Amino acid sequence: MNKELKRLNRLIESNGKKLSIIQAQQDKYLKQRTEIHNTLMLQMLNECNVTPQMLKDLLDRAKTQSIVPKAHPAQEDTSHA
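This is a predicted model, so every value here is computed, not measured.

What counts and how
- Residues numbered from 1 in each chain as written.
- Predicted model: local features only at pLDDT ≥ 70, side-chain atom pairs only at ≥ 80, totals over all residues.
- Heavy atoms only, no water.
- Helix = DSSP H or I, 4+ residues; strand = E, 2+ residues; numbered from the N terminus.
- Buried < 20%, exposed > 50% of the residue type's maximum accessible area, 1.4 Å probe, protein only.
- Areas by Shrake-Rupley, 256 points an atom, 1.4 Å probe, with all protein chains shown as cover.
- Patch = residues over 30% accessible without salt bridge, like charges linked within 9 Å, V, L, I, M, F, W, Y side chains within 5 Å.
- Salt bridge = Lys/Arg side-chain N within 4 Å of Asp/Glu carboxyl O.

> Describe in detail the overall build of the chain, supporting the description with residues and values.
From N to C terminus, the chain includes two helices and zero strands. In the chain, which comprises 81 residues, the share counted as buried stands at 1%. Put simply, the chain shows about 7,900 Å² of open surface, and 59% of that area lies on carbon and sulfur atoms.

Quick look at the structure:
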């Protein structure tokens, strides 16, 4: 086999190993981020006294309609004083 081809094969194999290590680290970081995000969401829901049923109703409504009221220009306060 050509020296250059052997070198390239070694580099490809080495990069594959490095990539698998980095991907495992990335997966770990993503999992940790998700756990922190979920914990923060649960804390917020608890602070607002949101029950599981209230959350379910809110999510069900969000599937079919807007849950945030739209501002109407005539109703907005345009004074900046």
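> Quick one: what's the story with a nonpolar patch on the surface, residue by residue and with numbers?
Side chains of Leu8, Leu11 and Ile12 sit close together on the surface and give an oily, nonpolar patch of about 270 Å² of accessible area. You can see leucine 8 is positioned in helix α1 (residues 3-47). Given a relative accessible area of 38%, leucine 8 falls into the partly exposed group.

> Let's hear about the pattern of salt bridges: which residues, and what values?
The full count for this structure, using the stated rule, is three salt bridges. As a salt-bridge pair, glutamate 13 and lysine 17 come within 3.5 Å of each other at their nearest N and O atoms. Here the residue glutamate 13 and the residue lysine 17 both occupy positions in helix α1, the gap between them amounting to four residues, near one helical turn. With a closest N to O distance of 2.7 Å, aspartate 60 and lysine 56 form a salt bridge. With a gap of four residues between them, aspartate 60 and lysine 56 both fall in helix α2 (residues 52-64), about one helical turn apart. Residue lysine 56 is classed as partly exposed on the basis of its relative accessible area, which comes to 44%.

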